[in-house]
Amino acid sequence: MSAPSYHDTLFRHARSHNGWTGEPIPDATLRELYELMKWGPTSVNCSPARFVFVRTPQAKERLKEALSPGNVDKAMSAPVVAIIGYDSRFYEQLPRLFPHNPGVKAWFEGEAKAAFAQTTALRNSSLQGGYLIAAARALGLDCGPMSGFDNAKVDAAFFAGTAVKSNFICALGHGDPARLHERGPRLAFEEACTLA
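Here the structure is a predicted model, which means the values were calculated and not measured. (Residues numbered from 1 in each chain as written. Predicted model: local features only at pLDDT ≥ 70, side-chain atom pairs only at ≥ 80, totals over all residues. Heavy atoms only, no water.)

Right, let's get into helix α6 (residues 114-138). With 25 residues, α6 should cover 36 Å at 1.5 Å per step; its first-to-last C-alpha distance of 36 Å lies within 8% of that length. Residues A117, T120, A121, N124, S125, Q128, G129, L132, I133, A135, A136 and R137 constitute the buried set of α6. Remark: G140 follows α6 within two positions and exhibits a positive phi of approximately 90 degrees. (Helix = DSSP H or I, 4+ residues; strand = E, 2+ residues; numbered from the N terminus. Expected span 1.5 Å × (residues − 1). Buried < 20%, exposed > 50% of the residue type's maximum accessible area, 1.4 Å probe, protein only.)

Turning our attention to the packing of aromatic side chains. Aromatic ring pairs are reported here in terms of the distance separating the ring centres and the angle at which the planes meet. Summed over the entire model, instances satisfying the criterion amount to 6 aromatic pairs. Note on F90 and Y91: the rings are 5.6 Å apart at their centroids and 75 degrees apart in plane angle, and the pair reads as edge-to-face. Across this residue pair, the class does not change: F90 and Y91 are buried. When the ring of W107 is compared with that of F108, the centres are 6.4 Å apart and the planes differ by 50 degrees; the resulting orientation is tilted. In textbook terms, an aromatic cluster arises when at least three aromatic residues are bridged by ring pairs, as seen for F90, Y91, W107, F108 and F116. Here the basic side chain of R62 rests over the ring of F158, its NZ or CZ set 4.4 Å away from the ring centre. (Phe/Tyr/Trp six-rings, centres within 6.5 Å; stacked < 30°, edge-to-face > 60°. Lys NZ or Arg CZ within 6 Å of the ring centre and 35° of its normal.)

This brings us to the side chain of S47. Of note, S47 is situated in the loop between α2 (27-37) and β1 (49-54). If sequence neighbours within four positions are ignored, S47 has contacts with T42, L97 and Q128. (Contact = heavy atoms within 4.5 Å.)

The next thing to look at is the UniProt feature "domain: Nitroreductase" (unreviewed entry) in the chain. The UniProt feature table records "domain: Nitroreductase" (unreviewed entry) at residues 15-158. Segment residues 15-158 splits into 42% helix and 13% strand. End C-alpha atoms: 28 Å apart. (UniProt positions renumbered as here; feature names shortened; annotations may be inferred.)

If you walk across this open sheet you meet the 4 strands as β1-β2-β4-β3, and the pairing is antiparallel. Strands with a single pairing partner mark the edges of an open sheet, and in this sheet they are β1 and β3 (142-146). Taken over all neighbouring pairs, the strand axes of this sheet differ in orientation by 25 degrees on average, direction set aside. Direction of pairing for β3 relative to strand β4 (residues 164-173): antiparallel, over a ladder of 5 bridges. Residue pairing in the sheet places D142 in a bridge with G173 of β4. Against the sheet, α2 touches β1, β2 (80-87) and β4, its axis set at about 165 degrees to β1. (Pairing = 2+ DSSP bridges. Axes fitted to C-alpha atoms, helices over the stretch in contact; angles between N-to-C directions.)

Applying the stated criterion across every chain, the model contains 0 disulfides. Among the cysteines around C170, which has no disulfide bond, C143 carries the closest sulfur, lying 4.3 Å off. (Disulfide = S-S within 2.5 Å.)

For the rest of this paragraph, the subject is the pattern of salt bridges. Summed over all chains, the structure comprises 8 salt bridges. Here D8 ties to R12 by a salt bridge, and the two come within 3.1 Å at their closest N and O atoms. Separated by 4 residues within a single helix, D8 and R12 lie in helix α1 (residues 3-12), roughly one turn from each other. With a shortest N-O distance of 2.6 Å, E35 and K38 are connected by a salt bridge. (Salt bridge = Lys/Arg side-chain N within 4 Å of Asp/Glu carboxyl O.)

Pasting the structure below:
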């Protein structure tokens, strides 16, 4: 695929979708999606994101209880909704993930470093969620990211008894172009950027 076409696929022509065609997403595609997105960089390769791919009717009902009213139809009609979470104890994996520095785990351990660990987990799981969206688009899927939900309810329904907390959710599928809103504007370079 040529570079301009690929840029269009990932960014210029890609949209946040609200409605879906109903075409299913095979589990093999979800595995391919993870295998692609996992290569995106994170600080000290910490890789704190944890994903739940909600696809069964039973799991969707559990998720529905946590959704803001405006997101119910968008999420429930999607073939899959990814819950992007983060492991608050991600640093337990660092000796394996960042073997270049055997002492890296200590950067995040302990009560005094809890805020730093939390910020690192949230920031890097957000990055990984962005990689998930880019990878999904690269595989021909459409996305509908959302933050309108009750995190505590999602955590109780999907992460109870673990150190994982929810960050945001993203509907995945093949978007129905008839359900798209008019594309919103973006800030100009001069409004958003400074050359220092």
